[in-house]
Amino acid sequence: MYQWDFSQVWRYKEILLAGLEYTLFYTVLSIAFGLVLGLFVALGRISSPRALGIPLRGAVELFRCTPFLVILIWFYYALPVLIDINLSAPMAALLALSLYGAAFYSEIIRAGIVSIDPGQVEAAKALGMRKWQALRRVILPQAFKRMIPPLMNQSILQLKNTSLVSVLAVPDLVYQGQLIAHETYRPLEVYTVVALAYFVVLFPATLLVQHIENRLARSN
């Protein structure tokens, strides 16, 4: 019978905490950049002429239909060849995470905006508002309530996706766990701790999403 021993893993707790901090840092940055870019892409697809909307849709579908691991490796190994600029592993990982998240955020935002009754825009125009004023003051505030649960769910997926940046030797939680497992020869204990760390972070987030969904359902 296997004898569990977490004492050796405990000696590396500071390294694991540093990896968790790196993971959370990457998650926050990629969510922030992804939301901003996703908003602009969504507005571009809704308001821009067809000549711009088609390329934007193509870019969104390209990221949505490609596994993140493939995108991550492509950004690190292929993109520098195309643009003749060396990208560090952390920069390539952050860029891939942000653009990948932006593709999904843009669809969530776009779906939220188009779900609002077009009569709201007509009413705003009747009050003398311009198109962008109606969007900012009337449409987006209503659409945002509907966007919150899917946006938060996608943000949770962003945190999960950060576990893949370890393939580029980015020192996140998984990568630090790999180093400790090789050092201690205790992979079961190490990866159990890594899994628990993700659970401790993600479980409250999923409960929060469920709470918000329930509140929104009762308010409708």
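Residues numbered from 1 in each chain as written. Predicted model: local features only at pLDDT ≥ 70, side-chain atom pairs only at ≥ 80, totals over all residues. Heavy atoms only, no water.

(A) Spatial organisation of the packing of helix H2 (residues 13-47) against helix H8 (residues 131-161). One way to put it is that H2 packs onto H8 with a least axis distance of 11 Å and a crossing angle of 140°. One finds that H2 runs oblique with respect to H8. H8 is crossed by H2, and the crossing has right-handed handedness. Counting all contacts with H2, which are made through Thr23, Leu24, Thr27, Ser30, Ile31, Leu35, Leu43 and Ser47, the residues of H8 involved are Lys131, Trp132, Leu135, Leu151, Ser155, Gln158 and Leu159. (Axes fitted to C-alpha atoms, helices over the stretch in contact; angles between N-to-C directions. Helix = DSSP H or I, 4+ residues; strand = E, 2+ residues; numbered from the N terminus. Parallel < 35°, antiparallel > 145°, perpendicular 65-115°, else oblique. Left-handed = near helix turned anticlockwise from the far one by under 90°. Contact = heavy atoms within 4.5 Å.)

(B) A look at the nonpolar core. Counting residues in hydrophobic clusters, the biggest one holds 23 residues, and the most contacted among them are Leu72 and Val170. Elements that contribute at least two residues to this core include exactly H2, helix H3 (50-64), helix H4 (68-77) and helix H6 (89-114). The element that contributes the greatest number of residues to this core is H6, accounting for 9 residues. Every residue in contact with Val170, bar those within four places of it in the chain, is listed here: Tyr22, Tyr26, Ala89, Pro90, Ala93, Val165 and Tyr175. (Core = buried A, V, L, I, M, F, W, Y, C linked by side-chain atoms within 4.5 Å. Buried < 20%, exposed > 50% of the residue type's maximum accessible area, 1.4 Å probe, protein only.)

(C) Focus on the environment of Gly19. When you line up the elements, Gly19 lands in helix H2. Looking at Gly19, the relative accessible area reads 0%, which means it is buried. As a C-alpha pair, Gly19 and Ser7 span 12 residues in sequence and 19 Å in three-dimensional space. Residues within four places of Gly19 in sequence aside, it is in contact with Pro171, Asp172, Leu173 and Gln176.

(D) Geometry of the pattern of salt bridges. Taken as a whole, this structure holds 5 salt bridges when the rule is applied. The salt bridge partner of Glu107 is Arg64, with a shortest N-O separation of 3.6 Å. Of the two residues, Glu107 is situated in helix H6 and Arg64 in helix H3; the sequence distance between them amounts to 43 residues. Residue Glu107 is classed as buried on the basis of its relative accessible area, which comes to 14%. (Salt bridge = Lys/Arg side-chain N within 4 Å of Asp/Glu carboxyl O.)

(E) How the structure looks around H8. With 31 residues, H8 ought to run about 45 Å at 1.5 Å a step, yet its terminal C-alpha atoms sit only 37 Å apart, falling short of that. Most pronounced at Met147, the bend in H8 amounts to some 45°, and the proline Pro149 follows within four residues. (Expected span 1.5 Å × (residues − 1). Bend = angle between axes of the 7 residues up to and from the residue.)

(F) Representation of a nonpolar patch on the surface within the structure. On the surface, Tyr2, Trp4, Phe6 and Leu188 cluster together to form a nonpolar patch covering roughly 410 Å² of accessible area. With respect to the helices and strands, Leu188 occurs in helix H10 (residues 187-219). (Patch = residues over 30% accessible without salt bridge, like charges linked within 9 Å, V, L, I, M, F, W, Y side chains within 5 Å. Areas by Shrake-Rupley, 256 points an atom, 1.4 Å probe, with all protein chains shown as cover.)

(G) Main features of the environment of Ala92. Topologically, Ala92 is positioned in helix H6. Residue class for Ala92 comes out buried when judged on its relative accessible area of 0%. Separated by 13 residues in the primary sequence, Ala92 and Leu79 place their C-alpha atoms 8.9 Å from one another. When residues no more than four places from it in sequence are discounted, the contact partners of Ala92 are Leu72, Phe75, Tyr76 and Leu87.

(H) Focus on the packing of aromatic side chains. Tallied over the full model, the rule gives 10 aromatic pairs. Each ring, one from Phe63 and one from Phe75, has its centre 6.4 Å from the other, and the planes form 45°; the classification is tilted. Of this pair, Phe63 sits in helix H3 while Phe75 sits in helix H4, and the two are 12 residues apart along the sequence. The exposure class of Phe75 is buried, given its relative accessible area of 7%. A ring pair is formed by Trp74 and Phe75, whose centres lie 5.6 Å apart and whose planes are at 75°; its orientation type is edge-to-face. The partly exposed category is assigned to Trp74, whose relative accessible area is 40%. Members of the aromatic cluster, connected to one another through ring pairs, are Tyr2, Trp4 and Phe6. (Phe/Tyr/Trp six-rings, centres within 6.5 Å; stacked < 30°, edge-to-face > 60°.)

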